[in-house]
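One-letter residues, chain by chain:
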Amino acid sequence: MAVAILAVLGAAATPAGAAPQVPCYFIFGDSLVDSGNNNFIVSMARANYPPYGIDFAGGPSGRFSNGLTTVDVLAKLLGFEDFIPPFAGASSQQLLSGVNFASAAAGIREETGQQLGGRISFRGQVENYQSAVQELVSILGDEDSAATHLSKCIFTVGMGSNDYLNNYFMPAFYNTGSRYTPEQYAESLTSDYSKLLQVMYRYGARKVALIGVGQVGCSPNELAQRSADGVTCVEGINSAIRIFNRRLIGLVDQFNRLPGAHFTYVNVYDIFDDILRSPGAHGLRVTNAGCCGVGRNNGQVTCLPFQMPCANRHEYLFWDAFHPTEAANVLVGQRTYSARLASDVHPVDIRTLARL
(Lines give C-alpha, C1' and ligand atoms only; values in the text may rest on other atoms or scores of the structure.)
Protein backbone atom coordinates (compact mmCIF):
# COMPACT_ATOMS: atom_id res chain seq x y z
CA MET A 1 0.00 0.00 0.00
CA ALA A 2 2.62 2.55 1.14
CA VAL A 3 4.89 1.73 -1.83
CA ALA A 4 2.16 2.49 -4.38
CA ILE A 5 1.21 5.73 -2.62
CA LEU A 6 4.86 6.82 -2.44
CA ALA A 7 5.33 6.25 -6.17
CA VAL A 8 2.34 8.50 -6.90
CA LEU A 9 3.39 11.19 -4.40
CA GLY A 10 6.97 11.22 -5.63
CA ALA A 11 5.96 11.47 -9.28
CA ALA A 12 3.52 14.28 -8.52
CA ALA A 13 6.04 16.45 -6.76
CA THR A 14 9.60 16.22 -8.03
CA PRO A 15 11.01 14.64 -11.20
CA ALA A 16 13.08 11.49 -10.63
CA GLY A 17 16.68 12.23 -9.70
CA ALA A 18 15.96 15.93 -9.08
CA ALA A 19 17.13 17.56 -5.86
CA PRO A 20 14.48 18.16 -3.20
CA GLN A 21 12.71 21.54 -3.28
CA VAL A 22 14.48 22.50 -0.03
CA PRO A 23 17.82 21.19 1.30
CA CYS A 24 16.43 20.24 4.70
CA TYR A 25 13.25 19.53 6.67
CA PHE A 26 13.00 19.62 10.48
CA ILE A 27 9.96 18.20 12.30
CA PHE A 28 8.63 19.00 15.80
CA GLY A 29 5.49 17.41 17.25
CA ASP A 30 3.82 14.54 19.07
CA SER A 31 2.61 11.02 18.28
CA LEU A 32 0.92 12.19 15.07
CA VAL A 33 4.41 12.56 13.57
CA ASP A 34 6.84 10.72 15.91
CA SER A 35 8.88 8.36 13.74
CA GLY A 36 10.70 6.47 16.48
CA ASN A 37 12.12 8.87 19.08
CA ASN A 38 9.99 7.28 21.81
CA ASN A 39 11.36 3.80 20.98
CA PHE A 40 14.34 4.76 23.15
CA ILE A 41 12.30 6.10 26.09
CA VAL A 42 10.60 4.38 29.02
CA SER A 43 7.04 5.25 28.06
CA MET A 44 3.62 3.79 27.43
CA ALA A 45 3.44 6.08 24.39
CA ARG A 46 5.26 3.78 21.98
CA ALA A 47 4.28 2.15 18.72
CA ASN A 48 7.23 -0.03 17.76
CA TYR A 49 5.22 -3.25 17.73
CA PRO A 50 2.77 -4.90 15.31
CA PRO A 51 0.18 -4.21 14.03
CA TYR A 52 1.55 -0.63 13.91
CA GLY A 53 3.41 -0.29 10.62
CA ILE A 54 1.47 -3.16 9.02
CA ASP A 55 1.46 -1.21 5.72
CA PHE A 56 4.85 0.45 6.23
CA ALA A 57 7.77 -0.88 4.16
CA GLY A 58 10.00 -1.52 7.21
CA GLY A 59 7.21 -2.79 9.49
CA PRO A 60 6.75 -1.24 12.97
CA SER A 61 9.02 1.80 13.28
CA GLY A 62 7.51 3.81 16.12
CA ARG A 63 5.03 5.57 13.82
CA PHE A 64 1.52 5.69 15.32
CA SER A 65 -0.22 4.53 12.15
CA ASN A 66 -0.62 1.56 9.85
CA GLY A 67 1.65 3.30 7.35
CA LEU A 68 2.77 6.81 6.51
CA THR A 69 2.35 9.87 8.71
CA THR A 70 1.61 13.36 7.35
CA VAL A 71 5.30 14.33 7.58
CA ASP A 72 6.30 11.24 5.58
CA VAL A 73 3.88 12.41 2.90
CA LEU A 74 5.30 15.96 3.07
CA ALA A 75 8.90 14.69 2.82
CA LYS A 76 8.00 12.81 -0.37
CA LEU A 77 6.08 15.76 -1.84
CA LEU A 78 9.07 18.01 -1.11
CA GLY A 79 11.20 15.60 -3.15
CA PHE A 80 13.24 13.90 -0.42
CA GLU A 81 14.36 10.42 -1.43
CA ASP A 82 14.20 9.06 2.12
CA PHE A 83 11.99 9.76 5.11
CA ILE A 84 13.30 12.29 7.62
CA PRO A 85 15.06 10.21 10.32
CA PRO A 86 14.27 10.46 14.05
CA PHE A 87 16.75 12.62 15.99
CA ALA A 88 17.45 9.66 18.31
CA GLY A 89 20.20 7.79 16.55
CA ALA A 90 20.61 10.25 13.64
CA SER A 91 24.15 10.77 12.33
CA SER A 92 25.84 14.17 12.08
CA GLN A 93 25.61 13.90 8.31
CA GLN A 94 21.84 13.33 8.47
CA LEU A 95 21.42 16.61 10.39
CA LEU A 96 22.27 18.45 7.14
CA SER A 97 19.03 17.31 5.48
CA GLY A 98 16.92 17.51 8.63
CA VAL A 99 15.71 15.29 11.45
CA ASN A 100 12.46 14.56 13.26
CA PHE A 101 12.40 15.71 16.92
CA ALA A 102 8.75 14.70 17.57
CA SER A 103 7.85 12.67 20.64
CA ALA A 104 4.60 10.86 21.41
CA ALA A 105 2.66 12.27 24.42
CA ALA A 106 4.62 15.54 24.25
CA GLY A 107 2.98 18.89 24.81
CA ILE A 108 3.74 22.57 25.00
CA ARG A 109 3.37 22.35 28.79
CA GLU A 110 6.11 20.41 30.59
CA GLU A 111 3.74 18.22 32.59
CA THR A 112 1.52 17.24 29.65
CA GLY A 113 1.45 13.48 29.04
CA GLN A 114 3.39 12.65 32.21
CA GLN A 115 0.90 9.92 33.17
CA LEU A 116 2.21 7.96 30.14
CA GLY A 117 5.84 8.08 31.27
CA GLY A 118 8.80 9.56 29.45
CA ARG A 119 8.41 11.96 26.52
CA ILE A 120 10.30 14.88 25.02
CA SER A 121 8.25 18.04 25.61
CA PHE A 122 8.32 20.86 23.07
CA ARG A 123 10.96 22.56 25.23
CA GLY A 124 13.07 19.38 25.10
CA GLN A 125 12.63 19.17 21.33
CA VAL A 126 13.77 22.77 20.91
CA GLU A 127 16.80 22.04 23.13
CA ASN A 128 17.62 19.06 20.89
CA TYR A 129 17.32 21.38 17.89
CA GLN A 130 19.72 23.85 19.54
CA SER A 131 22.30 21.09 19.99
CA ALA A 132 21.74 20.00 16.35
CA VAL A 133 22.43 23.59 15.23
CA GLN A 134 25.72 23.62 17.21
CA GLU A 135 26.65 20.41 15.40
CA LEU A 136 25.75 21.99 12.04
CA VAL A 137 27.98 24.98 12.84
CA SER A 138 30.93 22.58 13.30
CA ILE A 139 30.07 20.64 10.12
CA LEU A 140 29.59 23.75 7.94
CA GLY A 141 32.50 25.68 9.47
CA ASP A 142 30.88 28.80 10.91
CA GLU A 143 27.62 30.32 12.15
CA ASP A 144 26.96 32.28 8.95
CA SER A 145 27.10 29.16 6.79
CA ALA A 146 24.80 27.34 9.21
CA ALA A 147 22.37 30.30 9.25
CA THR A 148 22.28 30.42 5.43
CA HIS A 149 21.65 26.67 5.27
CA LEU A 150 18.90 26.74 7.92
CA SER A 151 17.16 29.73 6.31
CA LYS A 152 16.30 27.46 3.35
CA CYS A 153 14.92 24.57 5.44
CA ILE A 154 11.25 23.81 6.05
CA PHE A 155 10.19 23.43 9.70
CA THR A 156 6.83 21.95 10.66
CA VAL A 157 5.69 22.29 14.27
CA GLY A 158 2.56 20.51 15.42
CA MET A 159 2.04 20.86 19.16
CA GLY A 160 -1.01 21.27 21.40
CA SER A 161 -3.12 18.11 20.91
CA ASN A 162 -1.78 16.49 24.08
CA ASP A 163 -2.15 19.72 26.06
CA TYR A 164 -5.89 19.11 25.61
CA LEU A 165 -6.13 15.32 25.38
CA ASN A 166 -3.54 14.43 28.02
CA ASN A 167 -3.90 17.44 30.29
CA TYR A 168 -6.81 19.93 30.17
CA PHE A 169 -9.52 17.29 29.54
CA MET A 170 -8.02 14.67 31.88
CA PRO A 171 -9.10 15.80 35.37
CA ALA A 172 -8.06 12.48 36.97
CA PHE A 173 -4.39 13.48 36.46
CA TYR A 174 -4.36 17.26 35.90
CA ASN A 175 -6.06 20.28 37.50
CA THR A 176 -5.64 22.70 34.55
CA GLY A 177 -9.29 22.15 33.58
CA SER A 178 -10.45 23.66 36.86
CA ARG A 179 -7.71 26.32 37.04
CA TYR A 180 -8.20 27.86 33.59
CA THR A 181 -11.14 28.74 31.39
CA PRO A 182 -10.66 27.55 27.77
CA GLU A 183 -9.71 31.15 26.82
CA GLN A 184 -7.14 31.42 29.63
CA TYR A 185 -5.69 28.01 28.81
CA ALA A 186 -5.31 28.86 25.11
CA GLU A 187 -3.64 32.15 26.07
CA SER A 188 -1.21 30.41 28.45
CA LEU A 189 -0.35 27.73 25.85
CA THR A 190 0.17 30.29 23.11
CA SER A 191 2.45 32.36 25.34
CA ASP A 192 4.64 29.30 26.13
CA TYR A 193 4.57 28.22 22.47
CA SER A 194 5.63 31.68 21.29
CA LYS A 195 8.67 31.79 23.61
CA LEU A 196 10.01 28.49 22.27
CA LEU A 197 9.28 29.44 18.64
CA GLN A 198 11.33 32.59 19.28
CA VAL A 199 14.25 30.37 20.35
CA MET A 200 13.89 28.42 17.08
CA TYR A 201 13.91 31.71 15.14
CA ARG A 202 17.04 32.85 16.99
CA TYR A 203 18.62 29.53 16.02
CA GLY A 204 17.94 30.00 12.32
CA ALA A 205 14.39 28.72 11.66
CA ARG A 206 12.81 30.97 9.00
CA LYS A 207 10.29 28.89 7.00
CA VAL A 208 8.01 27.57 9.72
CA ALA A 209 4.59 25.93 9.36
CA LEU A 210 2.52 25.76 12.54
CA ILE A 211 0.21 22.77 12.23
CA GLY A 212 -3.07 23.50 13.99
CA VAL A 213 -4.69 21.03 16.38
CA GLY A 214 -7.24 18.72 14.76
CA GLN A 215 -10.65 17.66 15.99
CA VAL A 216 -9.61 15.77 19.11
CA GLY A 217 -13.29 15.64 20.09
CA CYS A 218 -13.96 13.39 17.08
CA SER A 219 -11.33 10.75 17.93
CA PRO A 220 -12.68 7.25 18.69
CA ASN A 221 -11.38 7.53 22.27
CA GLU A 222 -13.33 10.72 23.02
CA LEU A 223 -16.42 9.43 21.16
CA ALA A 224 -16.28 6.24 23.26
CA GLN A 225 -16.03 8.18 26.52
CA ARG A 226 -18.18 11.24 25.95
CA SER A 227 -20.45 10.92 22.90
CA ALA A 228 -24.00 9.70 23.61
CA ASP A 229 -24.48 8.17 20.15
CA GLY A 230 -20.82 7.37 19.45
CA VAL A 231 -21.00 9.52 16.31
CA THR A 232 -21.49 13.13 17.40
CA CYS A 233 -18.16 14.81 18.09
CA VAL A 234 -17.53 16.22 21.58
CA GLU A 235 -18.16 19.95 21.15
CA GLY A 236 -16.73 20.93 24.57
CA ILE A 237 -13.31 19.67 23.45
CA ASN A 238 -13.51 20.93 19.89
CA SER A 239 -14.63 24.43 20.88
CA ALA A 240 -11.64 24.76 23.26
CA ILE A 241 -9.31 23.67 20.43
CA ARG A 242 -10.81 26.23 18.03
CA ILE A 243 -9.90 28.99 20.53
CA PHE A 244 -6.28 27.77 20.56
CA ASN A 245 -6.13 27.48 16.76
CA ARG A 246 -7.40 31.04 16.32
CA ARG A 247 -4.53 32.24 18.48
CA LEU A 248 -2.05 30.39 16.26
CA ILE A 249 -3.14 32.54 13.31
CA GLY A 250 -2.30 35.63 15.39
CA LEU A 251 1.05 34.08 16.29
CA VAL A 252 1.89 33.54 12.60
CA ASP A 253 1.06 37.17 11.78
CA GLN A 254 3.23 38.29 14.71
CA PHE A 255 6.26 36.20 13.65
CA ASN A 256 5.96 37.35 10.04
CA ARG A 257 6.94 40.86 11.18
CA LEU A 258 10.43 39.55 12.04
CA PRO A 259 13.24 39.94 9.46
CA GLY A 260 13.32 37.06 6.98
CA ALA A 261 10.52 35.12 8.73
CA HIS A 262 8.03 33.14 6.66
CA PHE A 263 5.59 31.55 9.09
CA THR A 264 2.35 29.90 8.04
CA TYR A 265 -0.60 28.15 9.71
CA VAL A 266 -2.05 24.84 8.50
CA ASN A 267 -5.74 24.53 9.32
CA VAL A 268 -5.87 20.77 10.00
CA TYR A 269 -9.08 21.29 12.01
CA ASP A 270 -11.07 22.41 8.96
CA ILE A 271 -9.33 19.96 6.60
CA PHE A 272 -10.54 17.20 8.94
CA ASP A 273 -13.98 18.79 9.07
CA ASP A 274 -14.15 18.74 5.28
CA ILE A 275 -13.28 15.02 5.26
CA LEU A 276 -15.82 14.26 8.02
CA ARG A 277 -18.59 16.07 6.12
CA SER A 278 -18.08 14.03 2.94
CA PRO A 279 -16.01 10.93 3.74
CA GLY A 280 -17.20 9.07 0.63
CA ALA A 281 -15.85 11.80 -1.64
CA HIS A 282 -12.46 11.21 0.02
CA GLY A 283 -12.63 7.43 -0.36
CA LEU A 284 -13.46 6.76 3.31
CA ARG A 285 -16.35 4.84 4.83
CA VAL A 286 -15.74 4.63 8.62
CA THR A 287 -15.02 7.88 10.48
CA ASN A 288 -16.04 7.18 14.09
CA ALA A 289 -14.15 3.98 14.98
CA GLY A 290 -10.53 2.87 15.06
CA CYS A 291 -9.40 0.17 12.64
CA CYS A 292 -7.52 -1.35 15.60
CA GLY A 293 -8.69 -0.98 19.18
CA VAL A 294 -10.97 -2.38 21.87
CA GLY A 295 -14.47 -1.58 23.15
CA ARG A 296 -16.93 1.07 22.07
CA ASN A 297 -15.85 2.74 18.78
CA ASN A 298 -12.72 0.53 19.01
CA GLY A 299 -11.64 3.48 21.10
CA GLN A 300 -11.84 2.61 24.79
CA VAL A 301 -8.46 0.88 24.65
CA THR A 302 -6.06 1.69 21.83
CA CYS A 303 -4.52 -0.87 19.48
CA LEU A 304 -2.86 -3.67 21.46
CA PRO A 305 0.34 -5.54 20.55
CA PHE A 306 -0.32 -8.18 17.87
CA GLN A 307 -4.04 -7.38 17.76
CA MET A 308 -5.69 -8.17 14.42
CA PRO A 309 -6.66 -4.83 12.78
CA CYS A 310 -9.47 -4.32 10.27
CA ALA A 311 -8.75 -5.52 6.72
CA ASN A 312 -10.18 -2.45 4.91
CA ARG A 313 -7.77 0.07 6.42
CA HIS A 314 -7.98 2.33 3.37
CA GLU A 315 -11.64 3.01 4.22
CA TYR A 316 -11.00 4.12 7.82
CA LEU A 317 -10.25 7.67 8.98
CA PHE A 318 -8.75 6.42 12.26
CA TRP A 319 -6.17 3.68 12.67
CA ASP A 320 -6.45 3.40 16.47
CA ALA A 321 -8.22 5.21 19.31
CA PHE A 322 -6.39 8.49 18.57
CA HIS A 323 -4.38 8.46 15.34
CA PRO A 324 -5.37 8.66 11.67
CA THR A 325 -4.76 5.93 9.11
CA GLU A 326 -2.25 6.32 6.31
CA ALA A 327 -5.25 7.05 4.02
CA ALA A 328 -6.22 10.05 6.18
CA ASN A 329 -2.59 11.17 6.57
CA VAL A 330 -2.16 11.19 2.79
CA LEU A 331 -5.26 13.39 2.39
CA VAL A 332 -4.07 15.84 5.08
CA GLY A 333 -0.45 15.78 3.89
CA GLN A 334 -1.44 16.56 0.31
CA ARG A 335 -3.56 19.53 1.36
CA THR A 336 -0.83 20.81 3.69
CA TYR A 337 1.60 20.74 0.78
CA SER A 338 -0.83 22.09 -1.80
CA ALA A 339 -3.94 23.79 -0.38
CA ARG A 340 -7.23 22.77 -1.97
CA LEU A 341 -9.33 25.45 -0.30
CA ALA A 342 -8.28 28.98 0.65
CA SER A 343 -9.11 28.12 4.28
CA ASP A 344 -6.59 25.22 4.37
CA VAL A 345 -3.64 27.53 5.15
CA HIS A 346 -2.79 31.06 6.31
CA PRO A 347 -1.14 32.63 4.39
CA VAL A 348 0.59 29.94 2.23
CA ASP A 349 0.90 26.19 1.75
CA ILE A 350 4.15 24.23 2.11
CA ARG A 351 4.76 24.12 -1.65
CA THR A 352 4.74 27.95 -1.72
CA LEU A 353 6.76 28.17 1.52
CA ALA A 354 9.48 26.03 -0.07
CA ARG A 355 9.81 28.55 -2.92
CA LEU A 356 10.00 31.69 -0.75
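Now for a quick tour of the structure.

About the thresholds
- Residues numbered from 1 in each chain as written.
- Predicted model: local features only at pLDDT ≥ 70, side-chain atom pairs only at ≥ 80, totals over all residues.
- Heavy atoms only, no water.
- Axes fitted to C-alpha atoms, helices over the stretch in contact; angles between N-to-C directions.
- Helix = DSSP H or I, 4+ residues; strand = E, 2+ residues; numbered from the N terminus.
- Parallel < 35°, antiparallel > 145°, perpendicular 65-115°, else oblique.
- Contact = heavy atoms within 4.5 Å.
- Nonpolar A, V, L, I, M, F, W, Y, C, P; charged D, E, K, R; others polar.
- Disulfide = S-S within 2.5 Å.
- Buried < 20%, exposed > 50% of the residue type's maximum accessible area, 1.4 Å probe, protein only.
- Pairing = 2+ DSSP bridges.
- Polar contact = N/O pair within 3.5 Å; in protein donor to acceptor, adjacent residues only side chain to side chain.
- Left-handed = near helix turned anticlockwise from the far one by under 90°.

Helices that pack against each other are described as a pair by the angle of their axes relative to one another and the distance between those axes. Close contact between helix α4 (residues 122-140) and helix α8 (residues 182-202) brings their axes to 10 Å; oriented N to C, the two are set at 5°. The angle between α4 and α8 falls in the class roughly parallel. On the side of α4, the interface is formed by Phe-122, Arg-123, Val-126, Tyr-129 and Gln-130, while α8 contributes Tyr-193, Leu-196, Leu-197, Val-199 and Met-200. Across the contact of α4 with α8, the residue classes break down as eight nonpolar, one polar and one charged.

Right, let's get into the state of the cysteines. Under the defined criterion, the tally for this structure stands at four disulfides. Here Cys-291 is linked by a disulfide to Cys-310, with a sulfur-sulfur distance of 2.2 Å. In this structure, the disulfide formed by Cys-291 and Cys-310 twists by about -110° around the S-S bond and is classed as left-handed. Of this pair, Cys-291 sits in the loop between β5 (286-290) and β6 (293-294) while Cys-310 sits in the loop between β7 (301-302) and β8 (316-318); the two residues are 19 residues apart in sequence, bridging distant segments of the chain. Classification of Cys-291 by relative accessible area gives buried; the value is 4%. Taken in N- to C-terminal order, the disulfide-linked cysteines of the chain are connected 1-2, 3-4, 5-8, 6-7.

What follows is about the sheet that holds strand β3 (residues 207-211). Ordered in space as β1-β2-β3-β4-β9, the five strands form an open sheet in which the pairing is mixed. This sheet does not close on itself; its edge strands, each paired only once, are β1 (25-28) and β9 (345-346). Alignment of strand β4 (residues 262-266) against β9, held across two bridges, turns out to be antiparallel. Residue pairing for β9: Val-266 is matched across the bridge by Val-345.

Among the structural elements, Asp-72 can be located in helix α2 (residues 70-77). Within the structure, the side chain of Asp-72 is placed 2.7 Å from the side chain of Arg-63, a separation counted as a polar contact. In this structure Asp-72 touches Phe-56, Arg-63 and Phe-83, once residues within four positions along its chain are discounted.

Burial within α2 is extensive, with eight of its eight residues counted as buried. At the C-terminal side of α2, Gly-79 shows a positive phi close to 95°.

Two elements in contact, helix α6 (residues 161-168) and α8, have axes separated by 11 Å at closest approach and are oriented at 130°. Compared by their axis directions, α6 and α8 come out oblique. Between α6 and α8 the crossing geometry is right-handed. Where α6 abuts α8, its residues Asp-163, Tyr-164, Asn-167 and Tyr-168 lie against Pro-182, Tyr-185, Ala-186 and Leu-189. Split into classes, the residues belonging to the contact of α6 with α8 amount to six nonpolar, one polar and one charged.

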